Amino acid sequence: MKFSLYYLLLLWTSCVISFHGPHQRAQKTGDILLGGLFPIHFGIASKDQDLAARPKSTQCVRYNFRGFRWLQAMIFAIDEINNSSTLLPNITLGYRIFDTCNTVSKALEATLSFVAQNKIDSINLDEFCNCTDHVPSTIAVVGAAGSAVSTAVANLLGLFYIPQISYASSSRLLSNKNQYKSFMRTIPTDEYQATAMADIIAYFQWNWVIAVASDDEYGRPGIEKFEKEIEERDICIHLNELISQYFEDHEIQGLVDRIENSTAKVIVVFASGPDIEPLIKEMVRRNITDRTWIASEAWAISSLIAKPEYLHVMAGTIGFTLRTGHIHGFREFLQQVQPRKYSHNEFIREFWEETFNCYLEDSLRLQESENGTRSSRPLCTGDEDITSVETPYLDYTHLRISYNVYVAVYSIAQALQDILTCTPGHGLFANSSCADIRKMEAWQVLKQLRHLNYTNSIGEKVHYDENADSSGNYTIINWHRSTEDVSVVFEEVGHYNMHAKKGAKLVIDRKKILWNGLSTEVPFSNCSEDCDAGTRKGIIDSMPTCCFECTECSDGEYSNHKDASVCTKCPNDSWSNGNHTTCFLKEIEFLSWTEPFGIALAAFAVLGVVLTACVMGVFVRFRNTPIVKATNRELSYLLLFSLICCFSSSLVFIGEAQDWTCRVRQPAFGISFVLCISCILVKTNRVLLVFEAKIPTSLHRKWWGLNLQFLLVFLCTFVQVMICVVWLYNAPPASYRNHDIDEIIFITCNEGSVMALGFLIGYTCLLAAICFFFAFKSRKLPENFTEAKFITFSMLIFFIVWISFIPAYFSTYGKFVSAVEIIAILASSFGLLTCIFFNKVYIILLKPSRNTIEEVRCSTAAHAFKAAARANLKNNTASRKRSNSTGGSSASTPSSSISLKTAGTDCEPTPGHGITKPRVSFGSGTVTLSLSFDESRRNSVM
């Protein structure tokens, strides 16, 4: 019983809603009924309901002429379809259209009338309702306009799978098919529009903007998507504000205060015309004209904002609008509107009164005026000429929303046509069946709409994607002031195609844009001034990334455009110029043959080679003289050859380093010096051993034969050769471009292994130290026989040079590394050449009297007797000490009383014999020692 009463109550309610519903409507019967929801008014009167009596329906205020034109577009499309012989023949479409007043409450009140009738039809309880004028079920709804209104309507219609096609709701939330099952639209989603707005801000290189959004399902999701898009483009929002047409005055004033104090000059608005109107009015009142507005499609061409009195503030606005379309015959249809002619459209009477600012006879508003609730207006007949007045209703030059309404109606009609012409076995329903056009339900129409794909009368393809959305194409307009009057002109300056290739989506003709009225210069809306070329953006603490300070690029980096985020590092072979705007090729430097320093070093090296060759020539020329023979001429020749190699090795260090020169120069230098020092070492040690021997024996002569001398030189040099071979095998040196120095590339050699270089120089120094030891020990040998004293000096010079070389080598860079080593090679080579050979050349060339066999023998004999005297004195001293210790007396013995004196040494040559008998006197006696050195024996010893 309760169940029956419940359905009777529901049936009664539905009948009441079906017949009554909202007070005002446009209605026409037909075989199939379409619903319509349009904002004929911008809002409702704000009234406090104190609930002292039954609440009355709120009154809609502020007539929307464009909203009435959209409604007319639906009626025109339905009439055109009903008059068509090809589309839905023998089927008449009816409609019920209600005013949403741009509010959710009014829209839901109208939607309930659609839903209730469908519910009654679905439960088949017509026998309980004696409704003679039964209204058919609404199989589809066109509308609503605002996203907030469509969201509420979609929630209700989705419960019954009644298809809803919106012509102006662009909120991206409505693309969620899990929540809004039956929602479709002929307008692109705000997902695309937010991206387009971010692209246009990036296009004009703005990074500091103000974001304003309506506090509803249209503004909040739109601005949220916009924030994500600009974050990817390094754009910052200074202010992010919500707005509503129902804000109090102090809220609007506070918002304008924040905008006026902001340094951002671009304001992006995601809102409808009614919501943004209070803000614009306050901006106009304060005459804030230095702002650029970016308008979403909801208010880009709104008649509420595009007014001449607002243009000094709003001129230059960049707006996104929908694609335009042409509706043939629609202009004439709009001009034929008359109150008496279209009695089924109750909105025409109010439209007429608002257009001509009058009252029709028997108007409810006239009765209210007589009661004193409204100001009086003159009466009008209803026959006035609609073309004689300017009204947004007749603005049919750029049909956008009206065209979307037209497409929505034709989409429903085409879906019905597909159902009508469906062939069994090819349908969309179970078992490929078709729906019955006479008994079809709303969900069947929804199924057909989701698979819709057709070409309309103007050749445009109509289809819906997986989210039941239309393609994302926008026209970009710029608000101009008309040159003929003070009206607003929407100048098309570009377009945006979301499905175009990257880089081709946004197309703008900048020459057509006028900013803030007449200026052609793009406004500046950045948190910081642009950084010039040669600088980069530096972070400022506690500030957004869009606020920065300009920091000069570091040396070696550059930026060649304004507002660079980072400086680009120059290539390795380049360096930044003085203002860091570009890079230039670094100067390549090496120790060149043509530069003065290189020429000087090469000249000294050549001089060393020439001098050494001259010395060798002298020694070869006077090879049979005693002084040449006394210095072991074979080893001297080898020593001079090694000095020529030392001087020549320095030349390899000059010029551009190549891989082969890097591999040759250090081994050449090391082996040459080891060969040189080995010769000096062998020669010095040989003489020392001979003179320290008491009596030169055949063993000494055999041991120190010429072959053994060369063998020792070879062995010492071979060690250095092996060091070089291991070095070149494991870590060969190579040419290296050193980029570490600013503005210069030094072409040097990478030695491969510093340790190997250390071994090479260390081994050379070790041999030099041994040579120095023997030379120092031989310093008292006959001066004109051996160069021990000069070898000592040369080894000291060698040590000083190479000990100084080590810190100098590691503290210099570039070409000076090679120069330091060349100087060290030349200095040590000249030291050896000068100390060892120049004194001999001096004697040979300038003092030939000293270059005789007698001079050599005399010097040798003198050295022998001095050594004998020292030995005798040493023995006598030791004997006296022993006598004193054994005899216990201090008395002198006869032998101890002899005074050892060298009275003199006279070298008198005996002619023809080649024998010298020096006489040595001890005390009162004279001892004569005969030393006979024949030439062959001397040579064998020497």
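In the block above lies the structure referred to throughout.
Residues numbered from 1 in each chain as written. Predicted model: local features only at pLDDT ≥ 70, side-chain atom pairs only at ≥ 80, totals over all residues. Heavy atoms only, no water.

Trainee: Tell me about the sheet that holds strand β13 (residues 318–321), and name the residues and values.
Mentor: Strand order across the open sheet formed by eight strands is β10-β9-β11-β12-β13-β18-β19-β20, with mixed pairing between neighbours. Two strands lie at the open edges of the sheet, namely β10 (236–243) and β20 (506–508), each paired on one side alone. In this sheet, adjacent strand axes meet at a mean angle of 25 degrees when their direction is disregarded. By the bridge criterion, two bridges tie strand β12 (residues 292–295) to β13 in an arrangement that is parallel. Residue pairing in the sheet places alanine 295 in a bridge with glycine 319 of β13. Of the strands in this sheet, β9 (208–214), β10 and β11 (266–270) touch helix α6 (residues 219–232), which is tilted by about 160 degrees from β9. The strands touched by helix α7 (residues 249–261) within the sheet are β9, β10 and β11, with β10 carrying the most contacts at an inclination of about 170 degrees. (Pairing = 2+ DSSP bridges. Helix = DSSP H or I, 4+ residues; strand = E, 2+ residues; numbered from the N terminus. Axes fitted to C-alpha atoms, helices over the stretch in contact; angles between N-to-C directions. Contact = heavy atoms within 4.5 Å.)

Trainee: Could you give me a rundown of the sheet that holds strand β29 (residues 744–750), with the residues and numbers involved?
Mentor: Spatial strand order, β27-β29-β28: three strands in an open sheet with mixed pairing. Because the sheet does not close on itself, it has two edges, and the strands there are β27 (587–589) and β28 (734–738). Strand-to-strand twist across the sheet, computed as the mean angle between neighbouring axes with direction ignored, equals 30 degrees. Across five bridges, β28 lies against β29 in antiparallel orientation. Pairing of serine 735 across the sheet is with cysteine 749, part of β29.

Trainee: Describe in detail the side chain of aspartate 99, supporting the description with residues and values.
Mentor: Within the secondary structure, aspartate 99 is located in strand β5 (residues 93–99). One buried charge, aspartate 99, has no salt-bridge partner; the nearest side chain with opposite charge is lysine 106, at 7.8 Å. In this structure the side chain of aspartate 99 is engaged in a polar contact, spanning 2.8 Å, whose partner is the backbone nitrogen of isoleucine 40. Polar contacts involving the side chain of aspartate 99 include one to the main-chain amide nitrogen of cysteine 101, which spans 2.8 Å. (Buried < 20%, exposed > 50% of the residue type's maximum accessible area, 1.4 Å probe, protein only. Lys, Arg positive; Asp, Glu negative; His and termini not counted. Salt bridge = Lys/Arg side-chain N within 4 Å of Asp/Glu carboxyl O. Polar contact = N/O pair within 3.5 Å; in protein donor to acceptor, adjacent residues only side chain to side chain.)

Trainee: Tell me about the pairing of strand β18 (residues 473–481), and please be specific about residues and values.
Mentor: Burial within β18 is extensive, with seven of its nine residues counted as buried. Where β18 meets strand β19 (residues 488–497), nine bridges bridge the pair, whose relative direction is antiparallel. The residue bridging isoleucine 476 from the neighbouring strand is glycine 494, located in β19. Counting the residues in the hairpin turn of β18 and β19 gives six residues.

Trainee: Pulling in residues and values, what's your account of the pairing of β9?
Mentor: Most of β9 sits out of view: seven of its seven residues are buried. Of the two faces of β9, the one holding Trp208, Ile210, Val212 and Ser214 and the one holding Val209, Ala211 and Ala213 are both buried throughout. With respect to chirality, the unit in which β9 leads through α6 into the neighbouring parallel β10 is right-handed. As paired strands, β9 and β11 are joined by five bridges and run parallel to one another. Residue valine 209 lies in a different strand from β11, and its bridge partner there is valine 266. (Right-handed = clockwise from strand over helix to strand, strands pointing away.)

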